[in-house]
Amino acid sequence: MLISELYSLFKQYPSVQTDTRKLQKGDLFFALKGPSFNGNEFALQALEAGAAYAIIDEAPAVPDSRLILVEDALTTLQQLAGYHRDQFTIPFIAITGSNGKTTTKELVNAALSAHYITYTTQGNLNNHIGIPLTLLRVKEDAQMAVIEMGANHQKEIEGYCQYTKPTHGIITNCGKAHLEGFGGIEGVRKGKGELYDYLRANKGTVFAFDDYDYLHDMSKGIEHIVWYGTGKGTITGQVKASEPFLDVTVTGGVAFHTLQTQLVGDYNLPNVLCAITAGHYFQVPDAAIQQAIEAYKPSNSRSQLIEKGTNSIILDAYNANPTSMRAAIQNFAALHAPAKVLLLGAMMELGQESKQEHQALVTLLQQYQWNQVVLVGGDFKGIAGPYLYFENALDAKAWLQQQHFEHTHILVKGSRSTGMERVLAEG
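All of these numbers come straight from a predicted model, not from anything done at the bench. (Residues numbered from 1 in each chain as written. Predicted model: local features only at pLDDT ≥ 70, side-chain atom pairs only at ≥ 80, totals over all residues. Heavy atoms only, no water.)

Draft legend 1. Examining the overall build of the chain more closely. Helix and strand content of the chain: 15 helices and 21 strands. Relative to the globule expectation of 22 Å for 427 residues, the C-alpha radius of gyration of the chain, 23 Å, shows essentially globular dimensions. By principal-axis analysis of the C-alpha atoms, the chain measures approximately 65 × 50 × 40 Å. Counting only residues that meet the buried cut, the chain has 55% of its 427 residues in that class. (Helix = DSSP H or I, 4+ residues; strand = E, 2+ residues; numbered from the N terminus. Rg over C-alpha atoms; globule rule 2.2 N^0.38 Å. Buried < 20%, exposed > 50% of the residue type's maximum accessible area, 1.4 Å probe, protein only.)

Draft legend 2. How the structure looks around the packing of aromatic side chains. Tallied over the full model, the rule gives 14 aromatic pairs. Ring centres 4.7 Å apart and planes at 75 degrees place the aromatic pair F209 and Y212 in the edge-to-face group. According to the relative accessible area criterion, Y212 is partly exposed, its value standing at 23%. Centroid distance F332 to W370: 5.9 Å. Interplanar angle 10 degrees. Geometry classified as stacked. Of this pair, F332 sits in helix α13 (residues 322-334) while W370 is found in the loop between α14 (354-365) and β19 (372-376), placing the two residues 38 residues apart along the sequence. Here the two residues F332 and W370 agree in accessibility, since each one is buried. One aromatic cluster is present, built from ring pairs that chain together F209, Y212, Y214 and Y228. The side chain of R85 reaches across the aromatic face of F92, ending 3.9 Å from its centre. Geometry around F332 places K340 over its ring, the cationic atom sitting 6.0 Å from the centre. (Phe/Tyr/Trp six-rings, centres within 6.5 Å; stacked < 30°, edge-to-face > 60°. Lys NZ or Arg CZ within 6 Å of the ring centre and 35° of its normal.)

Draft legend 3. Representation of the nonpolar core in the model. Formed by 107 residues in total, the largest nonpolar core has its most connected members in F30, V108, V272, I276, L342, L344 and L365. If you tally residues by element for this core, the top one is helix α11 (residues 269-281), at 7 residues. Once residues within four sequence positions are removed from consideration, I276 is found in contact with I235, V250, V254, F256, L259, I289 and I293. Among the nonpolar cores identified, the runner-up in size contains 18 residues, and A317, V374, F390 and V423 belong to it. (Core = buried A, V, L, I, M, F, W, Y, C linked by side-chain atoms within 4.5 Å. Contact = heavy atoms within 4.5 Å.)

Draft legend 4. The arrangement of the UniProt feature "domain: Mur ligase C-terminal" (unreviewed entry) in the chain in detail. UniProt records the feature "domain: Mur ligase C-terminal" (unreviewed entry) at residues 302-380, using the numbering of this structure. As a span, residues 302-380 carries 32% helix and 28% strand, and end to end its C-alpha atoms are 22 Å apart. (UniProt positions renumbered as here; feature names shortened; annotations may be inferred.)

Draft legend 5. Geometry of the pairing of strand β16 (residues 304-308). Sheet topology places β16 next to strand β17 (residues 311-316); 5 bridges connect them, and they run antiparallel. Residue pairing in the sheet places K308 in a bridge with N311 of β17. (Pairing = 2+ DSSP bridges.)

Draft legend 6. Main features of the UniProt feature "binding site: ATP" (unreviewed entry) in the chain. The positions that UniProt labels "binding site: ATP" (unreviewed entry) are, in the present scheme, G97, S98, N99, G100, K101, T102 and T103. Among the structural elements, G97 can be located in the loop between β7 (92-96) and α4 (101-113). Once residues within four sequence positions are removed from consideration, G97 is found in contact with I171, T172, N173 and K192. With respect to the helices and strands, N99 occurs in the loop between β7 and α4. N99 sits in the buried class, given a relative accessible area of 13%. Dropping the residues within four chain positions of it, N99 is found in contact with T172, N173, N321, T323 and S324.

Draft legend 7. Expanded view of the pattern of salt bridges. If you walk through the whole model with that rule in mind, you get 17 salt bridges. Close ionic contact of K33 with E58 constitutes a salt bridge, the shortest N to O distance being 3.5 Å. Taken as a pair, K33 in strand β3 (residues 33-34) and E58 in the loop between β5 (53-56) and β6 (67-69) lie far apart in primary sequence, 25 residues in all. Residue class for K33 comes out partly exposed when judged on its relative accessible area of 45%. (Salt bridge = Lys/Arg side-chain N within 4 Å of Asp/Glu carboxyl O.)

Draft legend 8. A look at the sheet that holds strand β11 (residues 205-209). Within the open sheet, the 9 strands sit side by side as β8-β9-β7-β10-β11-β12-β13-β14-β15. Their pairing is mixed. Strand pairing shows two members of the sheet lacking a second neighbour, β8 (118-120) and β15 (258-264), which therefore form its edges. When the angles between neighbouring strand axes are averaged without regard to direction, this sheet yields 25 degrees. In this structure, strand β10 (residues 168-171) lies alongside β11, joined through 3 bridges in parallel fashion. (Axes fitted to C-alpha atoms, helices over the stretch in contact; angles between N-to-C directions.)

Draft legend 9. Inspection of the packing of α11 against helix α12 (residues 286-295) at higher detail. Where α11 contacts α12, the axes come no closer than 10 Å and their chain directions differ by 150 degrees. Crossing hand, α11 versus α12: right-handed. For the pair α11 and α12, the contacting residues are V272, A275, I276, G279 and H280 in the first and D286, I289 and I293 in the second. In terms of residue class, the contact of α11 with α12 is built from 5 nonpolar, 2 polar and 1 charged. (Left-handed = near helix turned anticlockwise from the far one by under 90°. Nonpolar A, V, L, I, M, F, W, Y, C, P; charged D, E, K, R; others polar.)

Draft legend 10. Focus on the sheet that holds strand β2 (residues 28-30). Spatial strand order, β1-β2-β5-β6: 4 strands in an open sheet with parallel pairing. Pairing within the sheet leaves two strands with one partner each, and these edge strands are β1 (16-17) and β6. Running at roughly 130 degrees to β2, helix α3 (residues 73-85) makes contact with β1, β2 and β5 of the sheet.

Right, here's the structure in full:
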């Protein structure tokens, strides 16, 4: 079946699903495969559950006219997403980076949604499956689309750009993340820079943080660059306070001069300035930009402030790498609080540098005074230092429950795979 023919079916049944557990009547089911699952085995079950058609890439044992056999279901999903993308002439803004891309995506979406019908990535569906699903959720009434792109190896962003075809792009930063897959910090810049490569070749527009010298180098040759920063740029601003919520003094570019966010951490300043810049560039009224960003409240374990009794807990357990860990620790150290406790989960995908990077964090921690520090799992094990160590988050949870802290600030952070949010779970 040609993609154009499949697209005609999609127009009739414009909802795509890859998980039978989430299937709704009338969905198109794509039978994807992974290391531990094979969607082809559930194709008939999907039809029984109400799917209009199932797109499969293995010959069915039982024939059914609603089964559409293709060479590769994932490739077909991506091609369908690309075909759908081609129906639009609106701005498609792609966002990638080592840290802050989901927060930036949410803030940019908030600012643009204040004035335009905007579609964006749900949660962090930012990979080879999530991106095409995001594109296919963009409806005909769309005026803007904001697409998050995650990557842990080179050529990944390049592949996403082939069917997302962004008109605008943002690289939040290039830090020490996924070093194992990228092969070091230069590999990270090369991999993230694939977004710039696409925009350079297709005369797109970049929003970039002026303070990062490497973004100046990476963006050379791009005709349209909109800078923002603490000192220079279309929009400029600085941290006014972060106790713990970030307050920003906007020093140039828009009518408002202060902005009070519900984001924890001064490291969110570039993310906020980026959202202001994007909103301003697309002529969203200044007051609407300010209101939208101030109203945004983070969720899903990203820089959340949780008040529990007399304690204030910063939960930032969705992801962690050396750059984001260092920023979180330094920000937490700067808080004015009577007592501070840290529970830090191990970082992943750092390759040969993992032990060294975990040791560097322990060395950083020793520069400050803490009431307690708990290290959890992975390559924190065996590192010399004056801190408690537990094998997993559940053991750390048991310890925390025995402490009965009062009037204490607690930072909980770690890579997703360590599940540090379980430290705070009830029961």
